[in-house]
Amino acid sequence: MKDVPATWDETRGLQGFPAETITVARRKGREWFVGSITNWSPRDVSLPLKFLGAGKYIYRDAADADQMPQHVTIEKKPVSQSETLTLHLASGGGFAIRFLPAD
């Protein structure tokens, strides 16, 4: 969280439904930060990465986050703007992603 900026160059709403779920992307310089939350219904979120170039970090809930909300899974992998991620949101959970330029 210490790396999340307080001001942004760009903000985009990527998907959402009132009282159910929302996913927002924010850019600062060449880095993108994406956050998503859900209500008490677990769900899978499809996240097309068209808005960015190559990045390399993905952060998301752990598999048992609905029972142990302090658990976090950290993935580090290269992705490209042609990909679509499918991420699971635990009941009352969400994900936070930081995309860094690969170069």
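Not measured: the values here are computed from a predicted model.

Conventions and cut-offs
- Residues numbered from 1 in each chain as written.
- Predicted model: local features only at pLDDT ≥ 70, side-chain atom pairs only at ≥ 80, totals over all residues.
- Heavy atoms only, no water.
- Phe/Tyr/Trp six-rings, centres within 6.5 Å; stacked < 30°, edge-to-face > 60°.
- Helix = DSSP H or I, 4+ residues; strand = E, 2+ residues; numbered from the N terminus.
- Salt bridge = Lys/Arg side-chain N within 4 Å of Asp/Glu carboxyl O.
- Buried < 20%, exposed > 50% of the residue type's maximum accessible area, 1.4 Å probe, protein only.
- Contact = heavy atoms within 4.5 Å.

Engineer: Whenever I open this one, the packing of aromatic side chains confuses me. Can you help?
Structural biologist: How two aromatic rings sit relative to each other is set out by the distance from centre to centre and by the angle between their planes. Going through the model one piece at a time under the given rule, you end up with three aromatic pairs. Both rings, one in W32 and one in F51, keep their centres 4.9 Å apart while their planes meet at 65°; by these two values the pair is edge-to-face. Pair noted here: W32 is in strand β3 (residues 31-38) and F51 is in the loop between β4 (43-48) and β5 (55-61), with a separation of 19 residues, a long-range link. Each residue in the set W32, F51 and F99 is aromatic and connected to the rest through ring pairs, giving one cluster.

Engineer: Can you walk me through the pattern of salt bridges in this structure?
Structural biologist: Pairs can form between side chains of opposite charge whenever their charged atoms are close. A full pass over the atoms with the stated rule returns six salt bridges. We note a salt bridge from R12 to E10, for which the minimum N-O separation is 2.7 Å. Between R27 and E10 there is a salt bridge, with the nearest N and O atoms lying 3.0 Å from each other. On the criterion of sequence distance, the pair formed by R27 in strand β2 (residues 21-28) and E10 in strand β1 (residues 10-17) is long-range, its members being 17 residues apart. What emerges from the salt-bridge pattern is a single network uniting D9, E10, R12 and R27.

Engineer: Is there a simple way to think about the environment of P48 in this case?
Structural biologist: Position of P48 among the secondary structure elements: in strand β4. According to the relative accessible area criterion, P48 is partly exposed, its value standing at 36%. With 42 residues separating them in the primary sequence, P48 and A6 have C-alpha atoms 25 Å apart. What P48 contacts, discounting residues up to four positions off in sequence, is E83 and T84.

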